[in-house]
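Chain by chain, the residues run as shown.
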Amino acid sequence: MQVSKLSVIESLTSKLLMFPDLVDKLKNKDSNFIELLELWMKETETILKNNNLPQCSTIAGLRSKIISPIFDETRGRSAKKKQTLIAAESMYEIQNTIILVINPFEQKVSEARDLIKHLLSVLKQSGAIKYTVETDFQDFINMIWKLFSTHEQLKSTSVSILTLISQTDALRIMADEIDIKEWK
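Residues numbered from 1 in each chain as written. Predicted model: local features only at pLDDT ≥ 70, side-chain atom pairs only at ≥ 80, totals over all residues. Heavy atoms only, no water.

Caption draft 1: Expanded view of the overall build of the protein. Helices and strands together make up the secondary structure of the protein, namely seven helices and zero strands. Helices and strands appear in the protein in the N-to-C order α-α-α-α-α-α-α. Here the protein has a C-alpha radius of gyration of 23 Å; the compact-globule value for 184 residues is 16 Å, and the former is much larger. Overall, the protein is about 75 × 30 × 20 Å in size when its C-alpha atoms are taken along their principal axes. Within the protein, the proportion of its 184 residues that are buried is 37%. If you sum the accessible surface of the protein, you get close to 10900 Å²; carbon and sulfur atoms cover 53% of it. Taking the average location of the 24 positive side-chain charges in the protein and that of its 24 negative ones, the two points are 4 Å from each other. (Helix = DSSP H or I, 4+ residues; strand = E, 2+ residues; numbered from the N terminus. Rg over C-alpha atoms; globule rule 2.2 N^0.38 Å. Buried < 20%, exposed > 50% of the residue type's maximum accessible area, 1.4 Å probe, protein only. Areas by Shrake-Rupley, 256 points an atom, 1.4 Å probe, with all protein chains shown as cover. Lys, Arg positive; Asp, Glu negative; His and termini not counted. Charge placed at Lys NZ, Arg CZ, Asp CG, Glu CD.)

Listed below in structure tokens is the structure:
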């Protein structure tokens with residue numbers, strides 16, 4: 001089964017939106033910074049791992065670098081200060097890893113969205129399907145998708161869409177793009 005690119009984008013974007021607060025905590029020398037960053041990284045690893053994305057190991061590797069001063073038995077700086085320094089040096093790489101995961105997904109979703117908009121436009125102009133108040137919106141979306149995937153002239157575009165994103169994502173995008181008032 002294909003990974004939901006929309007879900008991955010939404011989950012990782014949500015994590016990236018938390019990142020500026022972590023940078024502020026680093027700047028302000030917040031005593032909880034290391035713990036908060038580690039929690040953020042573990043949650044991000046979980047999202048990546050649950051979606052079978054190998055970049056989870058990159059985040060885990062960076063997390064291990066931040067943890068490693070705890071095991072340093074030499075004298076000198078405190079482990080917490082060493083961890084903070086390593087974390088500060090790793091921050092850009094951490095967020096860049098996530099951005100590099102999101103970008104290709106966003107490109108595929110954007111391309112699929114353009115194809116879906118085109119199909120919806122063709123279908124709306126043809127008047128082949130109309131929305132009525134008795135029709136459940138999800139049934140309406142499913143009816144449109146069924147037409148896309150069985151109509152001789154539209155089928156190849158729907159197959160192209162499915163090479164980019166999952167059918168579930170396609171249905172979600174269709175639901176976003178349809179203004180029900182235009183289909184009555």
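Picking up after the structure, the text goes on.
Caption draft 2: Here's a closer look at the nonpolar core. Among the nonpolar cores identified, the biggest contains 50 residues, and I144, F148 and I165 are the most heavily contacted of them. Among the elements that make up this core, the one with the highest residue count is helix α4 (residues 79-126) (14 residues). Sequence-distant contacts of I144, defined by excluding residues within four places in its chain, comprise L120, L123, I129, M174, I178 and W183. (Core = buried A, V, L, I, M, F, W, Y, C linked by side-chain atoms within 4.5 Å. Contact = heavy atoms within 4.5 Å.)

Caption draft 3: Geometry of helix α5 (residues 137-150). Its 14 residues give α5 an end-to-end C-alpha distance of 20 Å, which sits within 8% of 20 Å, the value for a rise of 1.5 Å per residue. On its buried face, α5 is in contact with α4, α6 (155-164) and α7 (167-177). (Expected span 1.5 Å × (residues − 1).)

Caption draft 4: Quick look at the side chain of T157. Following the sequence through the fold, T157 ends up in helix α6. If we ignore the near neighbours within four places in the chain, the residues touching T157 are L115 and L119.

Caption draft 5: Looking closely at the environment of D169. Residue position: D169 is located in helix α7. Accessibility expressed as a relative area gives 0% for D169, which makes it buried. Taking the C-alpha atoms as reference points, D169 and A112, separated by 57 residues in sequence, lie 9.3 Å from one another. Sequence-distant contacts of D169, defined by excluding residues within four places in its chain, comprise V3, S4, K5 and L6.

Caption draft 6: Unusual backbone geometry, seen in detail. Although it is not a glycine, K29 adopts a positive phi angle of roughly 55 degrees. Considering the arrangement of structural elements, one finds K29 in the loop between α1 (5-27) and α2 (33-50). With phi around 55 degrees, N52 is a residue other than glycine that occupies positive phi space. With respect to the helices, strands and loops of the structure, N52 is situated in the loop between α2 and α3 (55-67).

Caption draft 7: Main features of the packing of α1 against α7. Where α1 contacts α7, the axes come no closer than 8 Å and their chain directions differ by 70 degrees. Between α1 and α7, the angle falls in the class roughly perpendicular. For the pair α1 and α7, the contacting residues are K5, L6, S7 and E10 in the first and D169, R172 and I173 in the second. (Axes fitted to C-alpha atoms, helices over the stretch in contact; angles between N-to-C directions. Parallel < 35°, antiparallel > 145°, perpendicular 65-115°, else oblique.)

As far as function goes, none of this settles anything; it's purely spatial.
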